[in-house]
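Here is what each chain is made of, one letter per residue.
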Amino acid sequence: MAIITATRPVDRSAAAAPAKARRGRRIRDNLTGYTFLAGAILCFAVFTWYPMVRGIIMSFQRTRRGVTTWVGWDNYTRILADPSFWPAWRNTVYFTVLALVIGYAVPFFVAILLNELRHAKGYLRILVYLPVMLPPASALFLFKFYAYDPSDAGLFNAILRFLHLPTSQWMQSPSATMPAMVLASTWMNLGSAVLIYLASLQNIPGELYEAAELDGAGLWRRIWNVTIPQTKLILGLLAMMQIVATMQVFVEPLILANGAGTQDSATTVAYLIYQHGFFQNDLNGAAALGVIMLGALAVFSAFYLRLTTKND
């Protein structure tokens, strides 16, 4: 006897409903993400990419009495012949090297010191970060009129006199101008770098330090063999960021040295761009100088990234 079983028809619309809902939710999520991304792209396009492209175009033009003409490489030739061009690059490179020697090393060792402390860590972190909260102009005016006062009333001269060392004219001395600007810049930006280094140091496994101590490693050997290798990525990233930032130094010479400084000892490339654009009303020459700086930083960044990629 054959048994006949009846099968209920499959409701395909009900089975497809969850898949359709998931697909719709995924589309909505993607649209939300693309909406936020479009805002970021729009901001970059308006405030970064358009000025960059516009500056490159202006560097090949000349505008006089409202009439713009295409002059090719004339602006670059004129800028290269400027007597202040090479001294500005020399000062900028000098500032960058000093900033690497002082402003790059000091935050790292301050972070190591704070990481080794057992008490008052939070208070000291706030104390180190306080200068970052000050507006740069306020901090630099504080240095200019209080710390770098060339008379005996200046803070640094008072310290030197207390230590029976010769005082300095600071910003009025061509040889002391750059070190003084680097010192002020390091103090202003110390907190941000220290916090980044601290976050990296706290991610180092403690077992590595314990193993180094069991092997008889002292403090300097632990720093060299454990701390630096474990923070190599952060050290390299901050080195590149600092070089790119210090090559564009502008606020420090503008406020501390009134722009050029004594015997052009404080003239930097960024200040020279400002001088051409706003004092000489030479926007095309300023654009050409800006493109030269852009090219120099792009070449350095590409070389650095290639070097670090090979090492990795």
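One can find the structure itself at the top, above this paragraph.
These remarks concern the structure in this document. Being a predicted model, the structure only gives us computed values, none of them experimental.

Reading guide: rules and limits
- Residues numbered from 1 in each chain as written.
- Predicted model: local features only at pLDDT ≥ 70, side-chain atom pairs only at ≥ 80, totals over all residues.
- Heavy atoms only, no water.
- Core = buried A, V, L, I, M, F, W, Y, C linked by side-chain atoms within 4.5 Å.
- Buried < 20%, exposed > 50% of the residue type's maximum accessible area, 1.4 Å probe, protein only.
- Helix = DSSP H or I, 4+ residues; strand = E, 2+ residues; numbered from the N terminus.
- Axes fitted to C-alpha atoms, helices over the stretch in contact; angles between N-to-C directions.
- Parallel < 35°, antiparallel > 145°, perpendicular 65-115°, else oblique.
- Left-handed = near helix turned anticlockwise from the far one by under 90°.
- Contact = heavy atoms within 4.5 Å.
- Nonpolar A, V, L, I, M, F, W, Y, C, P; charged D, E, K, R; others polar.
- Patch = residues over 30% accessible without salt bridge, like charges linked within 9 Å, V, L, I, M, F, W, Y side chains within 5 Å.
- Areas by Shrake-Rupley, 256 points an atom, 1.4 Å probe, with all protein chains shown as cover.
- Salt bridge = Lys/Arg side-chain N within 4 Å of Asp/Glu carboxyl O.
- Lys, Arg positive; Asp, Glu negative; His and termini not counted.
- Charge placed at Lys NZ, Arg CZ, Asp CG, Glu CD.
- Pairing = 2+ DSSP bridges.
- Expected span 1.5 Å × (residues − 1).
- Arc of directions from axis to C-beta.

### Focus: the nonpolar core
In terms of nonpolar packing, the biggest core is built from 22 residues, with Phe-143, Tyr-148, Met-171, Met-181 and Leu-256 touching the most fellow members. Among the elements that make up this core, the one with the highest residue count is helix H7 (residues 177-201) (six residues). Counting 21 residues, the second largest nonpolar core, distinct from the first, contains Tyr-104, Leu-201, Ile-204 and Ile-223.

### Here we look at the packing of helix H3 (residues 85-116) against helix H4 (residues 121-133)
Here H3 crosses H4 at 160°, and the two axes come no closer than 10 Å. Judged by the inter-axis angle, H3 sits roughly antiparallel to H4. By crossing handedness, the relation of H3 to H4 is classed as right-handed. Residues Val-110, Leu-114 and Asn-115 of H3 pack against Lys-121, Leu-124, Arg-125 and Val-128 of H4. Across the contact of H3 with H4, the residue classes tally to four nonpolar, one polar and two charged.

### Observations concerning a negative patch on the surface
Together, Glu-116, Glu-207, Glu-210 and Glu-213 line one region of the surface with negative charge. Along the chain, Glu-116 falls in helix H3. On the basis of relative accessible area, Glu-116 is assigned to the partly exposed category, the value being 37%.

### Some words on the packing of helix H8 (residues 206-214) against helix H9 (residues 219-230)
As a packed pair, H8 and H9 sit with axes 10 Å apart at the nearest point and diverge in direction by 160°. Compared by their axis directions, H8 and H9 come out roughly antiparallel. The way H8 lies across H9 gives a crossing that is right-handed. Here H8 contributes Leu-208, Tyr-209, Ala-212 and Glu-213 to the contact with H9, which in turn contributes Arg-222, Val-226, Thr-227 and Gln-230.

### What to know about the pairing of strand S2 (residues 67-70)
The sheet contact formed by strand S1 (residues 61-64) and S2 spans four bridges and is antiparallel. From the neighbouring strand, Arg-64 faces S2, where its bridge partner is Val-67. The hairpin formed by S1 and S2 contains two residues between the paired strands, and Arg-65 there has a positive phi angle of roughly 55°.

### Thoughts on H9
Here H9 contains 12 residues, and its C-alpha end-to-end distance of 15 Å stays within 8% of the 16 Å for a straight helix at 1.5 Å per residue. By the burial criterion, the buried members of H9 are Arg-222, Ile-223, Val-226 and Thr-227. When H9 is viewed along its axis, its buried side chains cluster within an angular range of 125° and face the same direction. Residues of H9 that are exposed and point over 90 degrees away from its buried face: Trp-220 and Trp-224. Looking at the buried side of H9, the elements it contacts are H3, H7 and H8.

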